[in-house]
Amino acid sequence: MILNREKQKNLLIALIAVLALLVVYRIVTAEKPKTAPLTYTRGAVANSAVRPGLAAREAGTDPLNVFLRQREEKFPGTARDIFRMENPAAPKPKSAPVSSVTPTLPHVPVKTPEELAADLARADLSKFRFLGYLTDKDSSLFLSKDGENFIAKSGDKVLKNYIVKEAGKDYVILLDTITRVEARVELSGGETPLQKAR
């Protein structure tokens, strides 16, 4: 439905009239604010105690005074103060006599830096996945590591220090050029380290 200019003006005037009627109706039917008589006259001074019932209590039974008095008391029978590091009331433990026999610790093998580097290389090589290969004359391999994909051939370098040493239809052997550690990566995604270092 398309309205011409005259109909649009008439519709606008009608809407403004309805809005004005609603405002007038709201003003006429508005509830007057409720009032209550004041308890105290203006300028009156209260003669009652600040806390009702305070004068009626016996001396020393006010909960605030009881709490403050308890804070001042020393707590008898407690052996330690959790807010102090040392406790003068607690006796110091006697030192045990030192024996001349020293316990022997089990021998823990210490790895050399080369062994540590080889372990790190094995762990890094285990992150590679063999995704598949292309059966054409150059036989390209598809490898993946930490979400990054690589296309390589047998003998190609992958990343900084890895070389595809050997490739078969269902496996790839990767060689770390620094530590000379090799790892066999199966097509299914599993890997079998060769535990071989030269």
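A brief report on the enclosed structure follows.

Procedures and definitions
- Residues numbered from 1 in each chain as written.
- Predicted model: local features only at pLDDT ≥ 70, side-chain atom pairs only at ≥ 80, totals over all residues.
- Heavy atoms only, no water.
- Core = buried A, V, L, I, M, F, W, Y, C linked by side-chain atoms within 4.5 Å.
- Buried < 20%, exposed > 50% of the residue type's maximum accessible area, 1.4 Å probe, protein only.
- Helix = DSSP H or I, 4+ residues; strand = E, 2+ residues; numbered from the N terminus.
- Salt bridge = Lys/Arg side-chain N within 4 Å of Asp/Glu carboxyl O.
- Patch = residues over 30% accessible without salt bridge, like charges linked within 9 Å, V, L, I, M, F, W, Y side chains within 5 Å.
- Areas by Shrake-Rupley, 256 points an atom, 1.4 Å probe, with all protein chains shown as cover.

**What about the nonpolar core?**
- Of all hydrophobic cores here, the largest spans 17 residues; its most connected members are Leu 125, Phe 128, Leu 143, Val 158, Val 164, Val 172 and Leu 174.
- Among the secondary structure elements, those contributing two or more residues to this core are helix H3 (113-125), strand E1 (128-133), strand E2 (141-145), strand E3 (148-152), strand E5 (162-167), strand E6 (171-176) and strand E7 (181-186).

**Some thoughts on the pattern of salt bridges**
- Under the criterion given, the structure shown has 5 salt bridges.
- Of the charged contacts in the structure, one is a salt bridge between Lys 145 and Asp 124, with a shortest N-O distance of 2.9 Å. One end of the pair, Lys 145, is in strand E2; the other, Asp 124, is in helix H3, with 21 residues separating them in the sequence.
- One salt bridge in this structure joins Lys 165 and Glu 182, with 2.3 Å as the shortest N-O distance.

**Quick word on a nonpolar patch on the surface**
- A contiguous nonpolar surface patch, about 310 Å² in accessible area, is contributed by Leu 19, Val 23 and Ile 27.
- Among the secondary structure elements, Ile 27 is positioned in helix H1 (residues 5-28).
- A relative accessible area of 62% places Ile 27 in the exposed class.

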